[in-house]
Structures are given as C-alpha cells and as structure tokens.
Amino acid sequence: MSETATSTNRQRALQGGFPLTFPEIAKRLGRYDVSRSQASSIARLFPPESFPRVIDIGCGIGRLSNELAAVGYDVTGIDLSEEQIILARETSS
C-alpha cells in the first residue's frame, strides 16, 4: 500500500473518532498479544478443520480476525465503523 493511501486512511480514522495512535501504541505495549492466545483457544475448542468459517462481529481494526486467519479460519469481519474496516483490510494477511 502506498504511503499516500496509508496517510489518507489514518486521517479517516482520526476523523471517525478513533485515534489511530491508540492501536499503534497498544500494539507496541503488547496489549493485543492476548488475541493470539484467544485464537489458539478457539481453535482448540472449534478446530478450523471442522469449523472452517467464522464471523467476527464488531471486528474493529481486525486484531482477532487476523489471528483467527493465522490459525486457519476463513474469517469475515464486520463492524459499524467503515474507517475501522479499512484499517482491518490494510492489516489483514
């Protein structure tokens, strides 16, 4: 993604009332590390081989969605905030 597109999306996020700096700072502080363990726990209870598709309602910037995808799920994330969906798409693997 180009630097201009990233800058534009950051501005959209700021205008949407959710400061982009919060997820950036939280990630650096390790706040989202729990998402990886949550995804692993879900996969143990509901293996992706048996339950391949999941929906993340209120996915925000996609932290759990990305981790669920990393353990093998086909994930659909939905959120009321278009800005957050844009950021989630940018960070999806």
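In the block above lies the structure referred to throughout.
Residues numbered from 1 in each chain as written. Predicted model: local features only at pLDDT ≥ 70, side-chain atom pairs only at ≥ 80, totals over all residues. Heavy atoms only, no water.

**Side note on the overall build of the protein chain**
Now for step 1: Along the backbone of the protein chain there are 5 helices and 2 strands.
Now for step 2: From first element to last, N terminus to C terminus, the protein chain shows the α and β order α-α-α-β-α-β-α.
Now for step 3: The contacts of the protein chain with a sequence gap of at least 6 include a subset with a gap of at least 24, amounting to 51%.
Now for step 4: Total accessible area on the protein chain stands at roughly 6400 Å², and carbon and sulfur atoms take up 54% of it. (Helix = DSSP H or I, 4+ residues; strand = E, 2+ residues; numbered from the N terminus. Contact = heavy atoms within 4.5 Å. Areas by Shrake-Rupley, 256 points an atom, 1.4 Å probe, with all protein chains shown as cover.)

**Concerning the packing of aromatic side chains**
Now for step 1: Scanning the model with the defined rule gives 1 aromatic pair in all.
Now for step 2: Here F46 and F51 contribute two aromatic rings whose centre-to-centre distance is 5.6 Å and whose plane-to-plane angle is 85°, an arrangement assigned as edge-to-face.
Now for step 3: Judged by relative accessible area, which is 44%, F46 ranks as partly exposed. (Phe/Tyr/Trp six-rings, centres within 6.5 Å; stacked < 30°, edge-to-face > 60°. Buried < 20%, exposed > 50% of the residue type's maximum accessible area, 1.4 Å probe, protein only.)

**Remarks on the side chain of E67**
Now for step 1: Residue placement: E67 occurs in helix α4 (residues 63–70).
Now for step 2: Ignoring sequence-local partners within four residues, the contact set of E67 consists of S35, R36 and A39.

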